[in-house]
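# Geometric and topological summary
Next come the chains, spelled out residue by residue.
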Amino acid sequence: APAAPSNFIRTLIDKDLAAGKNDGAVITRFPPEPNGYLHIGHAKSFCLNFGLARDYADAPGGARCHLRFDDTNPVKEEQEYIDAIKENVRWLGFDWGEHEYYASDYFDQLYAWALQLIEAGKAYVDDLSAEEIRTYRGTLTEPGKNSPYRDRSVAENRELFEKMKNGDYPDGAKVLRAKIDMASPNLNMRDPVLYRILHAEHHRTGSKWCIYPMYDFTHGQSDSLEGVTHSICTLEFADHRPLYDWFIEQLGIHHPQQIEFARLNINYTVMSKRKLLELVEGGHVSGWDDPRMPTLAGMRRRGYTPASIRNFCERIGVSKKGSCVDIGFLESCIREDLDHNAPRAMAVLNPLRVVIDNYPEDQVEEFQAPVHPQQPERGTRTVPFSKVLYIEREDFMEEAPKKFFRLAPGREVRLRCAYFIRCEEVIKDPVSGEVVELRCSYDPASRGGASPDGRKVKGTLHWVSAEHALDAEIRLYDRLFLTENPSADKDVDFKSQLNPESLQVLSGCKVEPSLADAVPESRYQFERQGYFCVDQVDSVAGRLVFNRTVTLRDSWAK
Ligand code: ATP
Ligand code: MG
Ligand code: MG
């Protein structure tokens, strides 16, 4: 794969390599917490981290990217999420080899380091409640207050911490805190909590532990243990960097460099596992892999290709400044991919029956239509034609304005790759008045779609042969939210901004018979309709289900 364009992180790594730092190695990591499925924001992070490992493969000390599960919160974490995360990362084409790690594997080491800080007088057991700790912490404009338990002796702290570990206290009774500076202008440095008591079963360590280390006490040391050289995280963690550095320095261990970049935001969606979980649990979507979700599982089911997501992540770039990317840009990345790669097919979403009166009753002709009109080397597909066809209901108008270049009484159109047809008669339901059938004539001389007399028709319609077409369900997706930033107003529930019309299910659609063997996840351009993907979950032989990935053109463009 071609190397990604340069950015400030690459510049920094180049400098480190030139200076001979880290023995010439470049070691990054992607550290998801297994408390939900990955979203496109995570893809930005792991494309960056794995991309660096790929592009610096020739560094004198080698390069690699670790996959580390940051599993320090037993209550919210599950094996299902771990499996899904691994599948997502692999799907995007990245490989961590044997470098799969779990923060929970470091619990013994972290506990030993906590004792080391206690011995050094740098940590203490505090009996204040979570609420009191918050109050004592102060604010940005007011210094914090020391806890009355701050000056406990080393011996007492050691004993209490061991008792915490042994399960002598209930949840929340005590915490272990670092002893740093309650007047620091950085709130993270005001004696942060290192350990809390939580009598909860952990998905990997079972009931071995009833105290769990906090994120800040785990993350940097995990990086250090693994020999990570460049620990890349999002901007929110810039304020945590002094703490990251403090722990490493106090413990005297390998010092990775934390580097922050701006997280990805996309409009008309939400990008937080907590909110996505709320959508799943509230039944607002069908699951984490609902094709409307910005999760990688959802995007995959929607029809996004790994290449389109990697391209997107590369093109948005990496910067220090936060911004919001237009969802139209994401869509343009998949449209570009599918325009080039997806085979063409004809599908009628909302069928209207057409009978060609002057076409022989039992005749069937087979037309050859190109798999891809710009790539003749990809060959053709066989499209049967017969007396009874379906066209798109919206391609007919009884009282059509002059500029309507589709079918209308007395007007002529071209059927793609087939013949010219003229609408001779409109049959309606006698009760409802709805148009139920068109009686047409065809011009046998126009076979293949051109007339020898040079007669021009403006419209070309897609169609299927009624006898040969396959039934399909087609799902059309629109934006999940009506507003650009559903979370903009803290007092408004983001779920109130959901688009009630984000999913439209069409049944009784008719697709050309070449799609009989379409396998799950295969993608097509349905001519004139957009790009569609065979649903991974619900589509089975004899009951085809297609998801619209994206329309042909950006219908939202102004
Ligand atoms: P969320 O708030 O969605 O749960 P998170 O940051 O808590 O996200 P983690 O599982 O901790 O989720 O994330 C793993 C990695 O992915 C982290 O390094 C994090 O910085 C990165 N990441 C998460 N969201 C984004 C985003 N929107 N853009 C870029 N990177 C992200
Ligand atoms: Mg996190
Ligand atoms: Mg989070």
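For clarity, every value in this text was computed on a predicted model and none was experimentally measured.

### Details of the overall build of the chain
Looking only at helices and strands, the chain features 12 helices and 27 strands. Relative to its length of 558 residues, the chain is extended, with a C-alpha radius of gyration of 31 Å against a globular reference of 24 Å. Each principal axis of the C-alpha atoms in the chain carries an extent, and together these give about 100 × 55 × 40 Å. Burial statistics for the chain: of 558 residues in total, 40% are counted as buried. Within the chain, counting contacts between residues at least 6 apart in sequence, those at least 24 apart form 71% of the total.

### Some remarks on the site of ligand 1
The full set close to ligand 1 counts 15 residues, and Pro32, Gly41, Ser45, Arg263 and Lys273 are the nearest of them. Going through the elements one at a time, α2 (40-55) and β8 (230-234) are the ones with two or more residues in the shell around ligand 1. When residues in the shell around ligand 1 are grouped by element, the largest group, four residues, is from α2. Taken together, the residues that form the shell around ligand 1 break down as five nonpolar, five polar and five charged. Both domain 1 (8-261) and domain 2 (266-343 + 472-550) contribute no fewer than three residues apiece to the shell around ligand 1.

### A few points about unusual backbone geometry
Notably, Glu521 is not glycine yet its phi reads approximately 80°, a positive angle. Take Glu521: it is sitting in the loop between β24 (503-511) and β25 (523-526). With 14 C-beta atoms counted inside 10 Å, the residue Glu521 sits in the partly exposed group. Although it is not a glycine, Arg528 adopts a positive phi angle of roughly 70°. Relative to the assigned elements, Arg528 resides in the loop between β25 and β26 (530-534).

### As for the pairing of β24
Bridge analysis of strand β13 (residues 347-348) against β24 gives two bridges, and the strand direction is antiparallel. Across the sheet, residue Val348 finds its bridge partner in β24, namely Lys510. Two elements, strand β23 (residues 470-477) and β24, share seven bridges in a ladder whose sense is antiparallel. Bridging from a neighbouring strand, Asp471 pairs with Lys510 of β24.

### Comments concerning the sheet that holds strand β17 (residues 388-392)
Spatially, the seven strands line up as an open sheet ordered β21-β18-β19-β20-β14-β17-β22, and their pairing is mixed. With partners counted over all chains shown, the strands left at the sheet margins are β21 (460-461) and β22 (463-465), one partner each. Bridge analysis of β17 against β22 gives three bridges, and the strand direction is antiparallel. Its bridge partner being in β22, Tyr390 is matched across the sheet by Val464.

### Structural notes on the UniProt feature "domain: Glutamyl/glutaminyl-tRNA synthetase class Ib catalytic" (unreviewed entry) in the chain
UniProt's feature table lists "domain: Glutamyl/glutaminyl-tRNA synthetase class Ib catalytic" (unreviewed entry) at residues 26-339, given in the numbering used throughout. Taken end to end, residues 26-339 is 40% helix and 15% strand, and its first and last C-alpha atoms sit 37 Å apart.

### Thoughts on the packing of α2 against helix α11 (residues 306-316)
Between α2 and α11, whose axes approach to 9 Å, the crossing angle comes to 75°. One element, α2, and the other, α11, form an angle in the roughly perpendicular class. Residues Ile40, Ala43, Lys44 and Cys47 of α2 touch α11, and the partners they reach there are Ile309, Arg310 and Cys313. Looking at the contact of α2 with α11 residue by residue, the class counts come to five nonpolar, no polar and two charged.

### Side note on the nonpolar core
In terms of nonpolar packing, the biggest core is built from 97 residues, with Ala43, Ala347, Ile391, Trp463 and Val511 touching the most fellow members. For this core, the element with the most residues is α2, which contributes eight residues. Each residue touching Val511, except ones within four places of it in the same chain, is listed here: Ala345, Ala347, Val464, Ala469, Leu470, Ala472 and Leu544. Tyr106, Leu176, Phe217 and Leu243 belong to the second largest nonpolar core, which has 29 residues in total.

### Quick word on the sheet that holds strand β6 (residues 193-197)
The strands that make up a sheet pair up through hydrogen bonds in the backbone, lying either parallel or antiparallel. Reading across the sheet, the four strands line up as β4-β5-β6-β7 and stay open at both edges, with antiparallel pairing between neighbours. With partners counted over all chains shown, the strands left at the sheet margins are β4 (123-126) and β7 (211-213), one partner each. Here the strands of the sheet are splayed against their neighbours by 20° on average, with no regard to which way each runs. The pairing of strand β5 (residues 175-178) with β6 spans three bridges and is antiparallel. Along β6, the bridge assignment pairs Leu176 with Tyr195. Together, β4, β5, β6 and β7 form the strand contacts of helix α6 (residues 154-166), whose direction differs from that of β4 by roughly 60°.

### Considering helix α3 (residues 79-91)
Taking 1.5 Å per residue, 13 residues should reach 18 Å; α3 reaches 18 Å between its end C-alpha atoms and fits that length. The set of residues buried in α3 consists of Tyr81, Ala84, Ile85, Asn88 and Val89. Down the axis of α3, the sector holding all buried residues measures 130°, keeping them to one side. α3 presents Gln79 and Asp83 as exposed residues on the side facing more than 90 degrees away from its buried surface.

### Describing the environment of Lys321
Relative to the helices and strands, Lys321 resides in the loop between α11 and β11 (323-325). Spatially, the C-alpha atoms of Lys321 and Phe420 are 57 Å apart, while their sequence positions differ by 99 residues.

### As for α6
The first and last C-alpha atoms of α6 sit 18 Å apart over 13 residues, in line with the 18 Å expected at 1.5 Å per residue. Within α6, the full set of buried residues consists of Asn157, Leu160, Phe161 and Met164. Viewed end-on, α6 has its buried residues packed into an arc of 100°, placing them on one side of the element. Facing away from the buried side of α6 by more than 90 degrees, the exposed set consists of Ala155 and Asn166. Of the surrounding secondary structure, the elements contacted by the buried residues of α6 are α4 (107-119), β4, β5, β6 and β7. Gly167 sits one or two positions beyond α6 and adopts a positive phi of about 90°.

### Regarding the pairing of strand β2 (residues 63-69)
β2 sits mainly inside the fold: seven of its seven residues count as buried. Where strand β1 (residues 26-30) meets β2, five bridges bridge the pair, whose relative direction is parallel. Following the sheet pairing, Ile27 is matched in β2 by Arg64. Note on the crossover from β1 through α2 to β2: the handedness is right-handed. As judged from the three bridges shared by β2 and strand β3 (residues 100-102), these two strands associate in the parallel manner. Along β3, the bridge assignment pairs Leu67 with Glu100. Handedness of the β2-α3-β3 crossover: right-handed.

Definitions and limits used
Residues numbered from 1 in each chain as written. Chains lettered and ligands numbered in written order. Predicted model: local features only at pLDDT ≥ 70, side-chain atom pairs only at ≥ 80, totals over all residues. Helix = DSSP H or I, 4+ residues; strand = E, 2+ residues; numbered from the N terminus. Rg over C-alpha atoms; globule rule 2.2 N^0.38 Å. Buried ≥ 20, exposed ≤ 12 C-beta atoms within 10 Å, placed from the backbone. Contact = placed C-beta atoms within 7 Å. Near = placed C-beta within 6 Å. Nonpolar A, V, L, I, M, F, W, Y, C, P; charged D, E, K, R; others polar. Domains from an automatic or database assignment. Pairing = 2+ DSSP bridges. UniProt positions renumbered as here; feature names shortened; annotations may be inferred. Axes fitted to C-alpha atoms, helices over the stretch in contact; angles between N-to-C directions. Parallel < 35°, antiparallel > 145°, perpendicular 65-115°, else oblique. Core = buried A, V, L, I, M, F, W, Y, C linked by C-beta atoms within 7 Å. Expected span 1.5 Å × (residues − 1). Arc of directions from axis to C-beta. Right-handed = clockwise from strand over helix to strand, strands pointing away.

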